[in-house]
Each structure stands twice: as structure tokens, then as C-alpha cells.
Amino acid sequence: DTEVTQTPKHLVMGMTNKKSLKCEQHMGHRAMYWYKQKAKKPPELMFVYSYEKLSINESVPSRFSPECPNSSLLNLHLHALQPEDSALYLCASSQDFAFVSGRANEQFFGPGTRLTVL
Amino acid sequence: SQQGEEDPQALSIQEGENATMNCSYKTSINNLQWYRQNSGRGLVHLILIRSNEREKHSGRLRVTLDTSKKSSSLLITASRAADTASYFCAFRDDKIIFGKGTRLHILP
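Residues numbered from 1 in each chain as written. Chains lettered and ligands numbered in written order. Predicted model: local features only at pLDDT ≥ 70, side-chain atom pairs only at ≥ 80, totals over all residues. Heavy atoms only, no water.

Trainee: Explain the overall build of chain A to me, please; I cannot follow it from the model alone.
Mentor: Per the secondary structure count, chain A includes one helix and 11 strands. Each helix and strand of chain A, placed in order from N terminus to C terminus, yields the pattern β-β-β-β-β-β-β-β-β-α-β-β. Over its C-alpha trace chain A gives a radius of gyration of 14 Å, about what one expects of a compact globule, namely 13 Å for 118 residues. Judged by the C-alpha coordinates and their principal axes, chain A covers about 40 × 30 × 30 Å. With 118 residues in all, chain A has 47% of them scored as buried. Accessible surface for chain A amounts to roughly 5700 Å². Of this, 50% is attributable to carbon and sulfur atoms. (Helix = DSSP H or I, 4+ residues; strand = E, 2+ residues; numbered from the N terminus. Rg over C-alpha atoms; globule rule 2.2 N^0.38 Å. Buried < 20%, exposed > 50% of the residue type's maximum accessible area, 1.4 Å probe, protein only. Areas by Shrake-Rupley, 256 points an atom, 1.4 Å probe, with all protein chains shown as cover.)

Structure, rendered in C-alpha cells:
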């Protein structure tokens, strides 16, 4: 199984809602990533988990809260978002994290969750 | 900004022609990767070239790397309609950074 799955595919939420994005991979990868992508822009790294521990937080606002319950799952909890947070949220995984291993690893991306904040 | 610069930003060519996209970066790298993204979907890894390599091929893809000029190019030969997508270079600093991307449109 070389697939990264993300749910839901689409999410519309109000600024007072609490929701979660989910990501799953069964490739035995030990690094997992959250990216945010606005239209016609490249993905921007938000968080990196390596061996289930948060390795990188790119100064992301606290209204985004990542969680890695186990090596196959990655969640992104959303609370009190702003309309400007509307974007495509991409999850990715790689065999391990280059910063730890010293190697760059191919990342496998999920199809993304299209988030709209009203 | 640590982002890579890619040019052109957008490229439209006839089916069957070759497409060339360029990526420039500012940092020292150990390798550079190219990804493709179909509209509004996840990215797909295309090819990785290491800093000690100058050229690499994969099917209809040819990637070059010039570390002295801090630039890389992606050539797609004999383009097809299915090649219509955005193409990003990505390189590693202490994390993976994506270039601004080239939107390629193959005309029938």
C-alpha cells in the first residue's frame, strides 16, 4: 500500500467550530508532514512529526493543533479559524525525516482536504 | 525567502512539443527533487537528483543540475495532454522547501 489517505476531502466550517483533519499511511514511514497550500502557490510546511514526536513547527498559530496518535496516523485539530485559513491542507509521509537521517526522502502526498472557513 | 524561483510561471505548448522548466535556489543543497501536482490535488514525486549528479533521466523526463549556478531544469519530451499540471522543484535545507512552481498547459 503506497497511498496516503486524507479525510475529509472537503470541509466547510464556521469560525467558532472545532474540526479535525485526518491523515493515514501504512507504508511504515516514520516521518509525517502537514502542509498548507493556497491557490496557485506552492505548499508551505506547517508541521513535521518524526517517530511520532513533533520535530518542526513552522510558527503556526495555535488555532492549528497537530497530533500523532501512532506511527500511521496524523491529525490536525482546528479551532477558531479565520477565513484566511481557507486552503488545501496536504498531508505527506516519508521513510524518515531528512533532518534526523541526513538523507532527503521522497515524500508521498495525500490528495488533500479543501478547507473553507466562513 | 528560502523559496526556489521557477520560470516560467506558466507555459503553454502544443501536444508533442518539449517543455522545459527551470528552478533556481539560493542555499547549498545535497539534492533537488521535482514534483507534479494536478489541479487541486496532492503532489506526486517525479525525480530526485543528487548534488554530485549533473543529469538524470526517467522515461520522458530529463533533469539537470548545475550547482555552480544553483539551478536545475526539468525537460518533458513529447508532451501529452496528461502532462498538464503544475510542476514544483523542492530542495532540502533543514526542511523541504518548494519552489513557486510552473503551470504547464498542453494544448491539443
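Trainee: How should I be thinking about the layout of surface pockets in this particular structure?
Mentor: Where empty space is left becomes clear once a probe the size of a water molecule has been rolled over the atoms. Residues and elements named next belong to chain B. Taken as a whole, the largest pocket holds about 610 Å³ of empty space. Those elements that place two or more of their residues in the lining of the largest pocket are strand E2 (10–14), strand E9 (85–92) and strand E11 (102–107). At four residues, the largest contribution of residues to the lining of the largest pocket is made by E11. Among the residues making up the lining of the largest pocket, the classes are represented as eight nonpolar, 13 polar and seven charged. (1 Å grid on protein atoms, 1.4 Å probe; cavity = no way out; pocket = protein on both sides within 12 Å on 5 of 7 lines; lining within 4 Å. Points joined across faces, edges and corners; volume = space filled by probe spheres on them. Nonpolar A, V, L, I, M, F, W, Y, C, P; charged D, E, K, R; others polar.)

Trainee: Could you clarify how one ought to interpret the packing of aromatic side chains in this entry?
Mentor: Given two aromatic rings, their pairing is described by the distance between the two centres and the angle made by the two planes. Taken as a whole and assessed by the stated rule, the structure comprises nine aromatic pairs over all chains. Note on Tyr33(A) and Tyr35(A): the rings are 6.3 Å apart at their centroids and 25° apart in plane angle, and the pair reads as stacked. The interplanar angle of 85° and the centroid separation of 5.8 Å between the aromatic rings of Phe109(A) and Tyr35(B) together place this pair among those described as edge-to-face. Of this pair, Phe109(A) sits in strand E10 (residues 108–109) while Tyr35(B) sits in strand E4 (residues 31–37), placing the two residues on different chains. With respect to class, Phe109(A) is no different from Tyr35(B); both count as buried. (Phe/Tyr/Trp six-rings, centres within 6.5 Å; stacked < 30°, edge-to-face > 60°.)

These results come straight from atomic positions and should not be treated as a statement about function.
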